[in-house]
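# Structural features, examined
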Amino acid sequence: MTGSIVLFGPPGAGKGTQAEIIVELTGKPQVSTGDMLRLAVSKGTDLGLEAKEYMESGMLVPDQVIIGLIEDRLSHSDASKGVLFDGFPRTIPQAEALSKIAQVEAVIAIEVPDEDIVNRIVGRRMDPENGEIYHISFKPPPPEVEGRLIQRKDDNEGTVRKRLSAYHEQTKPLGEWYREKGILTSVDGSGTIKEVSHSISMAVQNL
Ligand code: AMP
């Protein structure tokens, strides 16, 4: 398959965690706009300065900024055989822009009820040394790394609720848009990480 795959779903659905299995199965590089923006914020670049306030308040970064970031990323040689998009596109204008510069072959939507999302996000922690993601109840960190774990600034309950409403208003309609194009596969994301990984690998193998 030479096209790209989109991993679609609400914040906290486990897109970042589940991206690993798709990368393993397809060899496509993961392109996460959230990770790219966080890197820009931590480096204090112009992009980071522009994106920071939107991210910390749970709002989407403007489409033109995101589209520019993706155009640049897709010009790298490792993207020539398609990539795995994680957290992009998040609006219909982003998807329309994407359709002009890349071929999206499949969209895998991870479905998780809203009630589960807040618990998942508020318990999420990251190891700054290697980017590994843990959850205080669902994927507890080994004791030796516990002391250095950090929590994303936007992983608090107030911001999560704003991110969820941005998802419902701006991103969810995109699922329908892709469904109408006949390329959307839904996966139940409410089980354990292992169960969801299993469903995702089945979906990827059936592509
Ligand atoms: P994520 O790690 O994917 O949950 O993204 C964290 C934050 O980065 C989001 O809440 C947005 O503020 C911003 N962001 C990431 N990807 C996008 C995108 N495709 N469009 C707009 N904003 C984005």
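Now for a quick tour of the structure. (Residues numbered from 1 in each chain as written. Predicted model: local features only at pLDDT ≥ 70, side-chain atom pairs only at ≥ 80, totals over all residues. Heavy atoms only, no water.)

Structurally, Ala95 is set in helix 5 (residues 92-101). Considered as a pair, Ala95 and Ile67 are 28 residues apart in the sequence and their alpha carbons are 9.4 Å apart. Leaving out residues up to four positions away in the same chain, Ala95 has contacts with Pro89, Leu174, Trp177 and Tyr178. (Helix = DSSP H or I, 4+ residues; strand = E, 2+ residues; numbered from the N terminus. Contact = heavy atoms within 4.5 Å.)

Between two packed helices, what matters for the description is the angle formed by their axes and the separation of those axes. Two numbers describe how helix 2 (residues 33-43) lies on helix 3 (residues 46-56): the axes approach to 8 Å, and their chain directions differ by 115 degrees. Overall, the two elements helix 2 and helix 3 adopt an arrangement that is roughly perpendicular. Relative to helix 3, the crossing made by helix 2 is left-handed. Between helix 2 and helix 3, the residues in contact are Gly34, Leu37, Arg38, Ala40 and Val41 and Leu47, Gly48, Ala51, Lys52 and Met55, respectively. Of the residues belonging to the contact of helix 2 with helix 3, the class tally is six nonpolar, two polar and two charged. (Axes fitted to C-alpha atoms, helices over the stretch in contact; angles between N-to-C directions. Parallel < 35°, antiparallel > 145°, perpendicular 65-115°, else oblique. Left-handed = near helix turned anticlockwise from the far one by under 90°. Nonpolar A, V, L, I, M, F, W, Y, C, P; charged D, E, K, R; others polar.)

Moving on, we get to the nonpolar core. If you look at the biggest cluster of nonpolar residues, it comprises 25 residues, and the most contacted ones within it are Val6, Phe85 and Tyr178. For this core, the secondary structure elements donating two or more residues are strand 1 (4-8), helix 3, helix 4 (63-74), helix 5, strand 4 (104-111) and helix 8 (157-180). For Val6, the residues in contact, after removing those within four places along its chain, are Phe85, Phe88, Pro89, Leu98, Val104, Ala106, Val107, Ile108 and Tyr178. Membership of the second largest hydrophobic core comes to 19 residues, among which are Leu7, Ile22, Ile117 and Val160. (Core = buried A, V, L, I, M, F, W, Y, C linked by side-chain atoms within 4.5 Å. Buried < 20%, exposed > 50% of the residue type's maximum accessible area, 1.4 Å probe, protein only.)

Before going further, it helps to examine the packing of aromatic side chains. For the structure on display, the rule yields three aromatic pairs. With 5.2 Å between their ring centres and 80 degrees between their planes, Trp177 and Tyr178 make a pair best called edge-to-face. Considered together, Trp177 and Tyr178 belong to a single accessibility category, that of buried residues. Lys139 extends its terminal NZ or CZ atom over the ring of Tyr134, reaching a point 5.7 Å from the ring centre. (Phe/Tyr/Trp six-rings, centres within 6.5 Å; stacked < 30°, edge-to-face > 60°. Lys NZ or Arg CZ within 6 Å of the ring centre and 35° of its normal.)

Turning next to the site of the ligand. In the vicinity of the ligand lie 16 residues, with Thr33, Arg38, Met59, Arg90 and Gln94 positioned nearest. Interatomic distance of 3.0 Å between a backbone N/O atom of Gly87 and a nitrogen atom of the ligand. Between the ligand and Gln94 there is a distance of 2.9 Å, counted from a nitrogen atom to a side-chain nitrogen or oxygen. Its free accessible area being 470 Å², the ligand has 96% of it covered by the protein chains. (Near = heavy atom within 4 Å. Polar contact = N/O pair within 3.5 Å; in protein donor to acceptor, adjacent residues only side chain to side chain. Areas by Shrake-Rupley, 256 points an atom, 1.4 Å probe, with all protein chains shown as cover.)

Geometric descriptors of this kind do not, in isolation, establish any biological role.
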